[in-house]
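Report on the structure
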Amino acid sequence: MNISYMYSLIAVMVLFLLAYLGAQVTVGKVFLGFIIPFLAAITFIVGFIYRVVDWARSPVPFCIPTTCGQQKSLPWIKSAPIENPSTTGGVIVRMFLEIVFFRSLFRNTKQKLKEGDKLSYEWEIWLWVGALAFHWAFFTVVFRHLRFFLEPVPACIQIVENLDGFLQIALPGLLLSGVVLLAAVTFLFLRRIFIPQVRYISLASDFFPLFLIMGIAFTGILMRYFTKVDIVGIKDFAMGLVTFHFHIPEGVGGLFYVHLFFVSILLAYFPFSKLMHLGGIFMSPTRNLTTNSRVKRHINPWNYPVKVHSYEAYEDEFREKMVEVGLPVEKMIEPEPPKEDAPPEEEAEPPEEAEPPEKEAELPEESEEKE
Amino acid sequence: MSDPTPEELLLGIDPKPPQTGWMDTPVEIKKGIYCYASNPKSVEYVGLPYPRQWNPIEEDWNLPENWKEIIYKGFRERLDRFRSIKVFMDICVRCGACADKCHFFIGSGDPKNMPVLRAELLRSVYRNDFTAAGKILGFFGKNFKKIGGARELTLDVLKEWWYYLFQCSECRRCSVFCPYGIDTAEITIMGRELLNLIGLNIDWIATPAANCYRTGNHLGIQPHAYKDMLDFFADDIEDITGIRVDPSFNRKGAEILFITPSGDVFADPGTFTCMGYMMLFHFLQEKYGFDITWSTYASEGGNFGFFTSHETMKRLNTKMYAEAKRLGVKWILGGECGHMWRVIHQYMDTNGPPDFLEEPVSPITGTKFENARSTKMVHITEFMADLIKHGKLDLDPTRNDHLKVTYHDSCNTSRGMGLLEEPRYILKSVCNNFYEMPANCIREQTFCCGSGSGLNAGENMELRMQGGLPRANAVKYVHEKHDVNMLSCICAIDRAALLTSMEYWVPEVDVTGLTELVANALILPGEKERETDLRSEPLPGMEGDDAE
């Protein structure tokens with residue numbers, strides 16, 4: 001039984017207590033309110049850039065896109081310009097669909113063995129739905145939160161928030177993104193617990209961000225709808241953060257500090273973790289390369305000369321046999337082969353022995369032949 | 001022999017993972033699954049490190065003293081050289097989308113055959129040795145490491161690598177479904193490179209690679225024998241058609257060089273495909289003055305180096321251009337093969353540039369193969385599809401009427417190239433009964449034959465039949481639904497591997513190369529009335545004559 005989620009759960013609970021208790025004293029507020037968020041933001045920005053630059057430092061020696069459709073070959077054969085993109089435009093569309101709509105995940109199937117001997121593959125859309133809901137809701141939430149850091153609030157944020165609250169229920173108005181985020185993250189967590197294979201492969205580091213984000217969403221929702229935190233105070237505080245005029249906000253409880261602390265932890269944790277898939281997806285060579293590898297030469301920057309068994313060495317070894325069956329040769333056999341011919345022959349011995357004769361004999365029948 | 005029957009094998013699939021976590025489940029190297037260790041003489045012949053006798057099921061693998069250091073350095077070097085491996089080590093979120101996409105997992109239920117876990121075997125060591133998080137966790141002790149998914153490279157871990165990296169056929173099906181395009185083939189390729197640094201290859205890769213290096217082909221066929229084989233096929237063709245074909249070898253000044261996997265020269269049913277090439281070239285020569293030569297030096301399209309290391313791949317692949325240059329041909333035509341085409345399509349041009357060749361133009365139709373402008377190498381199905389489209393082949397598809405054909409996309413040509421329609425177009429032109437397998441098992445979602453990437457040995461038959469199950473199961477489906485009796489493919493390893501897999505899972509279905517079907521239908525100028533197909537099986541309507 002994989003209990004790695006317990007470690008993560010405990011870790012997040014400890015973090016919760018730390019923040020909640022810390023917020024009871026002034027020193028704690030200073031740390032939780034300014035110092036930690038500041039350090040976290042720096043860690044995030046520097047760490048993120050460092051990781052991406054570090055990836056970029058390694059070259060892409062070969063053009064290895066995964067082709068998921070018909071190649072562009074003969075003019076009368078319809079090619080798949082996005083799934084097998086031979087142009088940069090195609091790659092951009094492919095990457096856009098991948099990053100914004102999780103194209104590959106959309107293909108997901110679930111394999112089953114039916115009636116003991118029939119394999120079936122059914123379209124499995126829920127992972128895609130859950131993942132898309134999660135990421136889009138998260139993005140919307142983050143985007144909405146920019147209103148705390150910008151004065152005046154740009155119209156686009158207001159529009160998104162209006163859309164987000166289109167249900168127009170509850171007071172303050174229910175914003176869908178927060179609820180969807182919490183629901184989706186819970187779904188992704190339950191998936192990891194209840195699907196045996198996914199549970200088996202899950203590490204503590206898969207659960208930790210889930211619990212953290214659950215905590216963030218949960219505290220956020222609590223503050224907005226239930227404890228009804230002082231929005232003006234928080235805006236004031238947030239503006240202080242970005243303009244470096246720190247002051248401790250009035251009338252904000254421990255919950256706010258927990259929320260902020262969780263966000264800080266998430267930011268600081270980000271560059272060291274799998275969350276870097278946000279940057280990595282842009283760098284994935286199986287997706288971001290054009291599939292024109294036979295049209296345009298891809299340069300391998302570290303290409304180096306290698307030892308090759310030359311035709312001359314080959315002919316030297318087999319010349320007599322070649323001449324015997326009438327195969328053309330570069331050099332005709334001299335009447336008495338000089339002694340120098342011996343070494344390559346000796347060198348050539350091993351593989352012949354290496355292939356056990358009986359294996360060769362049984363090849364045709366046993367179809368043991370290799371491509 | 002302990003190989004399970006199909007029923008036993010199916011019953012043995014338990015997709016439920018074990019109670020113990022994967023890091024706490026030690027590897028058990030099982031007979032029927034693992035391949036024999038590389039023969040030291042083969043390793044030595046190509047000059048790869050640490051050739052020695054060793055046996056996977058023995059405790060001691062006779063590793064070099066400093067093997068950990070070698071692996072560590074090798075890993076570092078590869079992280080610096082391949083962005084793919086670096087990114088793929090970092091960004092997996094373990095969503096599990098890849099898990100049930102792998103034919104080896106579907107057929108075995110072994111959780112370490114889930115692509116994600118196969119990669120985690122390496123990733124865990126990567127985290128420990130190369131990441132900040134791993135180092136921080138390591139500071140708190142071994143258990144913390146484990147919680148963070150990191151572990152040290154021990155002998156057991158190394159054995160686990162070896163065992164599972166030779167249970168991946170580099171088919172890339174998982175990478176189609178991965179939301180980040182993480183390609184287990186890349187991970188397996190790197191892992192095998194690392195293993196090769198300390199002499200841990202399997203013999204079904206090491207010896208063919210050595211043979212390719214020496215004789216030009218993996219079976220170690222020497223030039224005179226190669227010619228003899230083709231002469232022998234010419235005899236067969238003469239018996240069947242009354243026409244004597246006369247292929248030329250190593251001929252300087254030919255317009256085109258033809259390179260195909262040597263497997264087709266050696267074993268049925270590939271031999272019939274080889275006969276198909278010979279008949280096609282003869283037809284084109286007679287009718288249009290087509291000028292092509294075979295080579296005994298570059299007599300292998302397949303590249304067993306690709307399963308060893310990028311360097312060995314290049315050392316073998318270089319022969320193609322070298323031979324084209326020596327013979328002074330204009331361009332190269334490549335036969336039906338899977339990973340050969342992955343190498344040609346995605347790797348070969350980096351070994352060029354072949355500026356001594358010309359942009360490929362079909363001498364018969366005048367079609368410019370613009371998609372091969374830089375590599376100067378054209379796939380036989382691209383070439384044939386173009387001929388058929390222009391009406392240049394005289395075809396009688398009724399000669400394939402005794403066959404109900406389905407088509408298996410090779411992993412490499414579909415996911416490493418996108419060659420999907422050309423073979424289908426040809427198939428539909430040369431046979432009247434063509435049925436597709438279900439959509440989730442063809443084209444970019446095709447299943448591996450189960451024996452790709454050098455795993456087509458005899459001693460790992462259980463593994464091969466496990467891996468072959470998804471493909472065979474889909475064939476069985478069309479066999480039951482449409483009475484399909486022939487599985488066509490464009491890969492030499494398929495022709496070998498699927499034959500065994502069909503015998504095991506769907507014995508009613510036989511295996512053929514595409515060009516064999518073309519040759520069955522192809523009307524050679526001046527041929528006698530054919531009574532049999534290339535396999536000397538009576539043609540439809542000729543059964544009676546033959547029986548008497």
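Here the structure is a predicted model, which means the values were calculated and not measured. (Residues numbered from 1 in each chain as written. Chains lettered and ligands numbered in written order. Predicted model: local features only at pLDDT ≥ 70, side-chain atom pairs only at ≥ 80, totals over all residues. Heavy atoms only, no water.)

1. Here we look at the overall build of chain B
Formally: Under the scheme used here, helices are H or I runs from DSSP no shorter than 4 residues and strands are E runs no shorter than 2 residues, and both carry numbers assigned from the N terminus. Radius of gyration here is computed from C-alpha atoms only, and the compact-globule reference equals 2.2 Å multiplied by the residue count raised to the power 0.38. Per-residue accessibility, obtained with a 1.4 Å probe over protein chains only, is compared with the maximum for each type, and a residue is labelled buried under 20%, exposed over 50%, and partly exposed between these values. What makes two residues a contact is simply this: any of their non-hydrogen atoms within 4.5 Å.
Broken down by element type, chain B carries 24 helices and 7 strands. Relative to its length of 548 residues, chain B is compact, with a C-alpha radius of gyration of 24 Å against a globular reference of 24 Å. Along the first, second and third principal axes, the C-alpha set of chain B runs to 80 × 50 × 40 Å. For chain B, the residues scored as buried account for 71% of the 548 residues in total. Restricting to contacts in chain B with at least 6 residues of sequence separation, those with at least 24 account for 77%.

2. Let's talk about the overall build of chain A
The line we're drawing: Surface accessibility in these figures is a Shrake-Rupley result with a 1.4 Å probe; residues are shielded only by whichever protein chains are displayed.
Along its length, chain A carries 15 helices and 2 strands. Taken across its 371 residues, chain A has 48% of its residues classed as buried. Within chain A, residue pairs in contact and separated by at least 24 positions form 63% of the contacts whose partners lie at least 6 positions apart. Entry remark: accessible area of chain A is about 18700 Å², with carbon and sulfur atoms responsible for 70%.

3. Some remarks on unusual backbone geometry
Residue P269(B) follows D268(B) across a cis peptide bond; omega there is 0°. The residue P269(B) is located in the loop between α14 (263-266) and α15 (270-288) in this model. A cis amide bond links G352(B) to the next residue, P353(B), at an omega of 0°. Tracing the chain through its elements places P353(B) in the loop between α17 (339-346) and β4 (377-379). One non-glycine residue, Q168(A), adopts positive backbone phi at about 50°.

4. Focus on the confidence of the model for chain A
Which entries qualify depends on this criterion: Known as pLDDT, the predictor's per-residue confidence is scaled from 0 to 100.
Looking at chain A, pLDDT values average 88 and 89% of them are 70 or higher. Helix α15 (residues 357-366) of chain A is the least confidently modelled element of chain A, averaging 36 in pLDDT, while helix α3 (residues 88-101) of chain A averages 97, the highest of any element.

5. Details of the pattern of salt bridges
Should the charged atoms of two oppositely charged side chains come close, the side chains can pair. All names here are of chain B. Heads up, the condition is: Just to be clear on terms, a salt bridge is a Lys or Arg side-chain nitrogen sitting within 4 Å of an Asp or Glu carboxyl oxygen.
As enumerated under the stated definition, the model contains 54 salt bridges over all chains in all. R172 is paired through a salt bridge with D183; the nearest N and O atoms lie 2.8 Å apart. Here R172, found in the loop between α9 (155-165) and α10 (173-177), pairs with D183, found in the loop between α10 and α11 (184-197); they are 11 residues apart in sequence, far enough to count as distant. We classify D183 as buried; its relative accessible area is 0%. With a shortest N-O distance of 2.7 Å, D291 and R251 are connected by a salt bridge. Linking D291 in the loop between α15 and β2 (292-294) with R251 in the loop between α13 (223-241) and β1 (256-259), this pair joins segments that are 40 residues apart in sequence.

6. Let's talk about the interface of chain B and chain A
Keep this limit in mind: Reported buried area values correspond to the accessible surface (1.4 Å probe) lost by two parts on association, with both partners' losses combined.
In this complex, chain B contributes 151 residues to the contact, which on the side of chain A involves 109 residues. Regarding the contact of chain B and chain A, the summed buried area is about 11200 Å², with carbon and sulfur atoms giving 57% of it. Scanning the region where chain B abuts chain A turns up 8 salt bridges. Across the salt bridge formed by R326(B) and E330(A), the nearest N and O atoms sit 2.6 Å from each other.

7. Here's the deal with the domain arrangement of chain B
Residues and elements named next belong to chain B. Cut-off, in case you're wondering: Segmentation into domains, and thus their bounds, comes from an automatic or database assignment. A 3.5 Å cut-off defines polar contacts: any pair of N or O atoms within that distance qualifies, except that in protein one atom must be a possible hydrogen donor and the other a possible acceptor, and neighbouring residues in sequence count only when both atoms are side-chain atoms. The residue classification treats Ala, Val, Leu, Ile, Met, Phe, Trp, Tyr, Cys and Pro as nonpolar and Asp, Glu, Lys and Arg as charged. All others, Gly included, are polar.
By the assigned domains, chain B splits into domain 1 (6-30 + 49-200) and domain 2 (210-539). Taken over C-alpha atoms, the centre of domain 1 sits 33 Å from the centre of domain 2. For domain 1, the biggest contributors to the area lost against domain 2 are L9, R172 and R173; these three give 23% of the whole. Counting the contacts that link domain 1 with domain 2 gives 8 residue pairs in polar contact (both at pLDDT 80 or more). Considering every element that reaches the side of domain 1 that touches domain 2, the biggest residue donor is α11, with 7 residues. For the side of domain 1 that touches domain 2, a count of residues per class yields 15 nonpolar, 6 polar and 8 charged.

8. Some words on the sheet that holds strand β5 (residues 405-408) of chain B
Residue and element names in this part refer to chain B. Stated formally: In this description, strands pair whenever DSSP reports at least two bridges between them. The axes are straight lines fitted to the C-alpha atoms, using for helices just the contacting stretch, and the angles between their N-to-C directions are given from 0 to 180°.
Strand order in this open sheet of 3 strands is β5-β6-β7, and the pairing throughout is parallel. In this open sheet, the two strands that pair with only one neighbour each are β5 and β7 (510-513). With strand direction ignored, the average angle separating the axes of adjacent strands in the sheet is 35°. Bridge count between strand β6 (residues 486-489) and β7: 4 bridges; the pairing is parallel. Residue pairing for β7: M486 is matched across the bridge by D510. Sitting on the sheet, helix α22 (residues 492-505) touches β5, β6 and β7, and the angle it makes with β7 is about 170°.

9. Section: the packing of aromatic side chains
Cut-off, in case you're wondering: Between rings of Phe, Tyr and Trp, where Trp is taken as its six-membered ring, a pair exists when centres lie within 6.5 Å; planes separated by under 30 degrees are stacked, by over 60 edge-to-face, and by other angles tilted. Criterion for a charge above a ring: Arg CZ or Lys NZ at most 6 Å from the ring centre, at most 35 degrees from the ring normal.
Evaluated as defined, the whole model comprises 63 aromatic pairs over all chains. Relative to F82(B), the ring of W302(A) lies with its centre 5.2 Å away and its plane at 75°, an arrangement referred to as edge-to-face. You can see W302(A) sitting in the loop between α12 (277-283) and α13 (311-324) and its partner F82(B) sitting in the loop between α3 (67-81) and α4 (83-91), one on each of two chains. A single burial state applies to W302(A) and to F82(B), both of which are buried. Between F258(B) and W294(B), the aromatic rings sit 5.0 Å apart at their centres with planes inclined by 80°, giving edge-to-face as the arrangement. Highlighted residues: F258(B) in strand β1 and W294(B) in strand β2, separated in sequence by 36 residues. Here the two residues F258(B) and W294(B) agree in accessibility, since each one is buried. The rings of F62(A), W302(A), Y304(A), F82(B), F304(B), F306(B), F307(B) and Y347(B) are connected pair by pair, giving a single aromatic cluster. One Lys or Arg, R173(B), reaches over the ring of F447(B) and ends 3.8 Å from the middle of that ring.

10. Re the confidence of the model for chain B
Here chain B averages 94 in pLDDT, and 99% of its residues register 70 or above. Averaged pLDDT values over the elements of chain B bottom out at 55 in helix α24 (residues 543-547) of chain B and peak at 98 in β5(B).

11. Description of the sheet that holds β4(B)
All names here are of chain B. Taken in spatial order, the 4 strands of this open sheet run β2-β1-β3-β4, and their pairing is parallel. Every other strand in the sheet has two partners, leaving β2 and β4 as the edge strands with one partner each. Strand after strand, the sheet turns through a mean of 30° between neighbouring axes, direction not considered. Bridge count for strand β3 (residues 331-334) against β4 is 3 bridges, and the pairing is parallel. Looking at the pairing, G334 lines up with H379 of β4. On the sheet, α17 packs against β1, β3 and β4 and is oriented at approximately 140° with respect to β4.

12. A few points about α3(A)
All names here are of chain A. For clarity, the threshold we go by: What a helix should span is 1.5 Å times the count of its residues minus one.
Compared with the 20 Å implied by 1.5 Å per residue over 14 residues, the 19 Å span of α3 between its first and last C-alpha is a close match. At its buried positions, α3 is contacted by α4 (103-106), α5 (126-145) and α12. After α3 finishes, the residue F102 shows a positive phi value of roughly 50°.

13. Brief notes about the packing of α3(B) against α4(B)
All names here are of chain B. Rule in force here: Roughly parallel covers angles under 35 degrees, roughly antiparallel covers those over 145, roughly perpendicular covers 65 to 115, and oblique covers all other angles.
Their axes nearest at 5 Å, the elements α3 and α4 cross at an angle of 105°. Relative to α4, α3 is oriented roughly perpendicular. For the pair α3 and α4, contact is made by F75, R78, L79, D80 and R81 and by R83, I85, K86 and M89, respectively.

14. Concerning the pairing of β1(B)
All names here are of chain B. Neither face of β1 is exposed, since I256 and F258 on one face and L257 and I259 on the opposite face are all buried. For β1 and β2, the ladder comprises 3 bridges, and the chain directions are parallel. Within the sheet, the bridge partner assigned to F258 lies in β2 and is W294.

15. A word on a negative patch on the surface
Definition in use: Patch membership needs two things, relative accessible area over 30% and no salt bridge, and members are linked within 9 Å if like-charged or within 5 Å if nonpolar (Val, Leu, Ile, Met, Phe, Trp, Tyr). Positive charge is attributed to Lys and Arg, negative charge to Asp and Glu, and no charge count is given to His or to the chain ends. Working definition for charges: the position is that of NZ of Lys, CZ of Arg, CG of Asp or CD of Glu.
Side chains of E58(B), E59(B), D60(B) and D156(B) sit close together on the surface and give a patch of like negative charge. Relative to the assigned elements, D156(B) resides in helix α9.

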